[in-house]
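Descriptive structure summary
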Amino acid sequence: MDTRTNISNVLVIGSGAAGLRAAIAAHEAGRQVTVLGKRLRKDAHTVLAAGGINAALGTVDPEDSWQQHFADTLREAYLLSDPRTVEIMAREAPDAVLELAEWGCDFARRPDGSLDQRYFGAHTYRRTCYAGDYTGRAMLHTLADHAAALGMTVLENVYVSRLLVRDGTCFGAYAFDIGSGERTVFLADAVVLAAGGHTRLWRRSSSRRDENTGDGMALALQAGCRLADMELVQFHPTGMVAPEEMAGTLVTEAVRGEGGHLRNADGERFMQRYDPQRMELSTRDRVALANYTEIAEGRGTSNGGVWLDISHRSKDEIVEKLPRMYRQFLESQMLDISAHPMEVAPTAHYSMGGVVVEPQDHSTDVEGLFAAGEVAAGLHGANRLGGNSLVETLIFGRRAGAAAAERSANLEVSLRARSVIADAQADLDGLIREGEEFARPLQRALRDALWEHCGVVRDEEGLNEGLARVADLREAAGSVDVRPTSEGFGDLAHALDLRAALLTAEATILGAIERRETRGAHIRSDHPDLDERLRVNLVVRCGREGRLETSRVPVPEVPEHLRGWLAPADELDVEGRLLE
Ligand SMILES: Cc1cc2nc3c(=O)[nH]c(=O)nc-3n(C[C@H](O)[C@H](O)[C@H](O)COP(=O)(O)OP(=O)(O)OC[C@H]3O[C@@H](n4cnc5c(N)ncnc54)[C@H](O)[C@@H]3O)c2cc1C
């Protein structure tokens, strides 16, 4: 089969919010940009995001400030985030959101025309802007339309199987078209990796099939990057329980933000026992553990869930503020949520770890390679606040795109290696063959293994079993049957998804074993307490013979000018400064 060549200044892998924002920034800096994704242009995973995006605009609660947003984020991350990244996010969020509104994003507004803001869990003030519960879709469409208006095209159904790296410098990517199988060598001065997370690796997941399979993390790891904190996976407290094919599908936090109550099968509002102050608006890790515990201790529903009830709000309000949820339950269960409670249970939702990046420009360990969005580590620590990841995609997508453009503009010579391209080609050729195994059942087995051995609550014995299971599945994956069909090269994409998933699963379990403590979303039944000595980022890299090696990296200090904001509220004055 012929191989085409595509040459640009900046290649962006991923057409979700982070990829599109990066591409727009690189284009605006005058560079020629190629953007691609493995799904359709307006169907990247970002489209699923529901409840909202954070910015301390203070339109509803004028007392809010970027410093308070910084403090809420870092405190609830159990101090594992990089404070420099958090500071950039909190400072730049208002401009990022207002810019998107200016580009036509249909955020909900107040009667005076300012953006409305709702509560999300563990935020001190209302700072989450929203477009009903279709915020991700509104954002993605705005970004895609803006990119199109600038004359940019997004390549669809293109699967990147390898980053091209020579002497520690990335010079492009190798890819194929999922429909036709046509191969393309994408050559570029700089590459932005914005390929999303890895939460489709768990049996119950809020992602759809064939996305969030850890591709970006696996590509980066193989290219020579480090991954950090892969074990820190956010389990959202409220995923659907039934019907089986919808199990794990998200029930947005906006339901609780709009006043939803959680009850067990005895009718008890059980958050009273777990976080009496914040109740349902506690942090995700606490609410997820509360739901998990109620179910595990026999106070759940017969289907293994708890009840989430918003029926005390009027139908009009529900339809206006939670249109997707209203429709989701009506269509899948014939359930009117304005009259009846929803049955929910925890679901794997967000990768807080990922590729190690520099806070300012999101450059990685590999020269010429940048990473932004859910694929990157650094912002969320051990517990992501709802609404922070959408704003992360805009801010760090823009920064990564601008930095990639700058590198391209300043590059004297770009060196490429034929042998590296030939290796990538041989790798794909080697995968297309007859075999006794199929990718789909192995993917399912992996999802079961992670749910069982590396789920909401973990212990050393189970994690080691999980690791052994991953090794068995890797062996089986070595003889997966991959052949083109009348529909194209979907089998090849599934085999690569599986390969990426196995690698990121191993990195995740290794981190989970190493983190012998309970911190945020990482709950170890055999180490139930937080261990101050483990206030470190756990880093994984590909060592000799491709073996994964872990190490510990200290978390950077909180800058002096922001320390006061992290103290308990009763030690602060009204402006958040430490009381003398
Ligand atoms: C149901 C749900 C609701 C959410 N709600 C919110 C919310 O209300 N607020 C909030 O802040 N966050 C929310 N999140 C999280 C947020 O949506 C994501 O973190 C964010 O959208 C990630 O954007 P991204 O651009 O980094 O990646 P994605 O949107 O995941 O895009 C990844 C891109 O990479 C491409 N790609 C992946 N692998 C390859 C490959 N091998 N080759 C080529 N292309 C590839 C994909 O096709 C896609 O284009 C939610 C998440 C879910 C699942």
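Cut-offs used in this document
- Note on numbering: residues in each chain are counted from 1, in written sequence order.
- Local features are withheld for residues below a pLDDT of 70 in this predicted model, meaning they are given only at 70 or higher, and side-chain atom pairs are given and counted only at 80 or more; totals for whole chains, interfaces and linings count all residues.
- For helices the rule is a DSSP run of H or I covering at least 4 residues; for strands it is a run of E covering at least 2, with both sets numbered from the N terminus onward.
- Taken over C-alpha atoms, the radius of gyration is set against a globule rule of 2.2 Å times the number of residues to the power 0.38.
- Think of it as a crowd count around each C-beta: if 20 or more other C-beta atoms lie within 10 Å the residue is buried, if 12 or fewer it is exposed, and in between it is partly exposed, with C-beta placed from the backbone throughout.
- Think of it this way: build a C-beta for each residue from its backbone, and any pair within 7 Å is a contact.
- For each residue, a C-beta position is placed from the backbone atoms; the residue is near a molecule or strand when that point lies within 6 Å of it.
- When residue character is reported, Ala, Val, Leu, Ile, Met, Phe, Trp, Tyr, Cys and Pro are called nonpolar, Asp, Glu, Lys and Arg charged, and the others, Gly included, polar.
- The nonpolar core criterion groups buried Ala, Val, Leu, Ile, Met, Phe, Trp, Tyr and Cys residues into a set whenever they are joined through C-beta atoms within 7 Å.
- Note: domain ranges come from an automatic or database domain assignment.
- We call two strands paired when DSSP finds no fewer than two bridges between them.
- The angle between two axes is taken between their N-to-C directions and runs from 0 to 180 degrees, where each axis is a line fitted to C-alpha atoms and a helix contributes only its stretch in contact.
- Given the number of residues in a helix, its expected span is that number minus one, multiplied by 1.5 Å.
- For any helix crossing, the convention is left-handed if the near helix is rotated counterclockwise from the far helix by under a right angle, and right-handed if that rotation is clockwise.
- Here the arc refers to the directions that run from the helix axis out to each C-beta atom.

On to the overall build of the chain, then. In terms of regular secondary structure, the chain is built from 16 helices and 19 strands. Relative to the compact-globule value of 25 Å for 580 residues, the chain shows a C-alpha radius of gyration of 23 Å, a close match. Over its C-alpha atoms, taken along the principal directions, the chain stretches across nearly 65 × 50 × 50 Å. For the chain, the proportion of its 580 residues judged to be buried stands at 57%. For the chain, contacts bridging at least 24 residues in sequence account for 74% of all contacts bridging at least 6.

Moving on: the site of the ligand. Residues in close proximity to the ligand total 43 residues, the closest being Gly 14, Gly 16, Gly 37, Gly 196 and Gly 373. Those elements that provide at least two residues to the shell around the ligand are helix H1 (17-28), helix H4 (135-149), strand E6 (158-166), helix H5 (215-223), strand E13 (342-351) and helix H11 (388-410). Per element, the largest residue contribution to the shell around the ligand is 4 residues, and it comes from H11. Classifying every residue of the shell around the ligand by side-chain character gives 17 nonpolar, 22 polar and 4 charged.

To continue, consider the nonpolar core. Formed by 182 residues in total, the largest nonpolar core has its most connected members in Ile 13, Val 191, Val 192, Leu 193, Leu 227 and Val 355. Counting residues per element, this core draws most heavily on helix H15 (residues 490-514), which supplies 15 residues. Both domains that meet at this core, namely domain 1 (235-347) and domain 2 (433-531), each give it at least three residues. With 5 residues, the next largest nonpolar core counts Phe 120, Ala 122, Leu 281 and Leu 385 among its residues.

Attention now goes to unusual backbone geometry. In this structure, the amide linkage connecting Ala 242 to the following residue, Pro 243, adopts the cis form with an omega of -5 degrees. Tracing the backbone shows Pro 243 in the loop between strand E10 (233-240) and helix H6 (254-257). For Tyr 78, which is not a glycine, the phi torsion comes out positive at approximately 55 degrees. Within the fold, Tyr 78 resides in the loop between helix H2 (66-76) and helix H3 (83-102). Residue classification places Tyr 78 among the buried positions, given that 21 C-beta atoms sit within 10 Å. Residues other than glycine seldom take positive phi values, yet Ala 122 does so here, at roughly 65 degrees. Here Ala 122 is to be found in the loop between H3 and strand E4 (128-129).

Ordered in space as E14-E9-E18-E19, the 4 strands form an open sheet in which the pairing is antiparallel. Strand pairing shows two members of the sheet lacking a second neighbour, strand E14 (354-355) and strand E19 (548-554), which therefore form its edges. Each of strand E9 (227-228), strand E18 (536-542) and E19 touches H15; the most contacted strand, E19, lies at about 50 degrees to it.

The next subject is H11. The terminal C-alpha atoms of H11, which comprises 23 residues, lie 33 Å apart, in line with the 33 Å expected from a rise of 1.5 Å per residue. Counting buried residues along H11, 20 of its 23 residues qualify, which places the element largely inside the surrounding structure.

Secondary-structure assignment places Phe 235 in strand E10. Phe 235 sits 57 residues away from Ile 178 along the chain, and the two C-alpha atoms are 31 Å apart. With sequence-adjacent residues up to four places away left out, Phe 235 is seen in contact with Ala 288, Pro 346, Thr 347, Ala 348, His 349, Val 456 and Ala 521.

Spatially, the 4 strands line up as an open sheet ordered E10-E13-E12-E11, and their pairing is antiparallel. The open sheet terminates on both sides in strands that have one partner only, identified here as E10 and strand E11 (261-263). Direction aside, neighbouring strands of the sheet carry axes that sit 45 degrees apart on average. With 3 bridges connecting them, E11 and strand E12 (residues 306-309) associate as antiparallel partners. Across the sheet, Arg 263 pairs through a bridge with Trp 307, a residue of E12. Strands in contact with helix H8 (residues 284-296) are E10, E12 and E13; relative to E10, the strand with the most contacts, it is inclined by about 55 degrees.

Let's shift gears to the domain arrangement of the chain. Segmenting the chain into domains produces domain 1 (235-347) and domain 2 (433-531). Each of domain 1 and domain 2 has a C-alpha centre, and these two points are 28 Å apart. The interface is formed by 6 residues belonging to domain 1 together with 5 residues belonging to domain 2. The element that contributes the greatest number of residues to the side of domain 1 that touches domain 2 is H8, accounting for 4 residues.

A few words on the packing of H1 against H11. Interhelical geometry of H1 versus H11 gives an angle of 35 degrees and a closest axis separation of 7 Å. Between H1 and H11 lies a crossing whose hand is right-handed. Residues Ala 17, Ala 18, Gly 19, Arg 21, Ala 22, Ala 23, Ile 24, Ala 25 and Ala 26 of H1 touch H11, and the partners they reach there are Leu 390, Thr 393, Leu 394, Phe 396, Gly 397, Arg 398, Ala 400, Gly 401, Ala 402, Ala 404 and Ala 405. Its residues assigned to classes, the contact of H1 with H11 shows 14 nonpolar, 4 polar and 2 charged.

This part takes up the environment of Arg 269. Take Arg 269: it is sitting in the loop between E11 and helix H7 (271-274). Owing to 14 C-beta atoms within 10 Å, Arg 269 belongs among the partly exposed residues under this scheme. Sequence separation between Arg 269 and Trp 307 is 38 residues; the distance between their C-alpha atoms is 9.4 Å.

With that out of the way, let us pick up helix H14 (residues 460-477). Its 18 residues give H14 an end-to-end C-alpha distance of 25 Å, which sits within 8% of 26 Å, the value for a rise of 1.5 Å per residue. Burial in H14 covers these residues: Leu 463, Gly 466, Arg 469, Val 470, Leu 473 and Ala 477. Buried positions in H14, seen along its axis, are confined to an arc of 115 degrees and lie on one side of it. Turned more than 90 degrees off the buried face of H14, the exposed positions are Glu 461, Ala 471, Asp 472 and Glu 475. As for H14, its buried residues are in contact with helix H13 (439-453), strand E16 (457-458) and H15.

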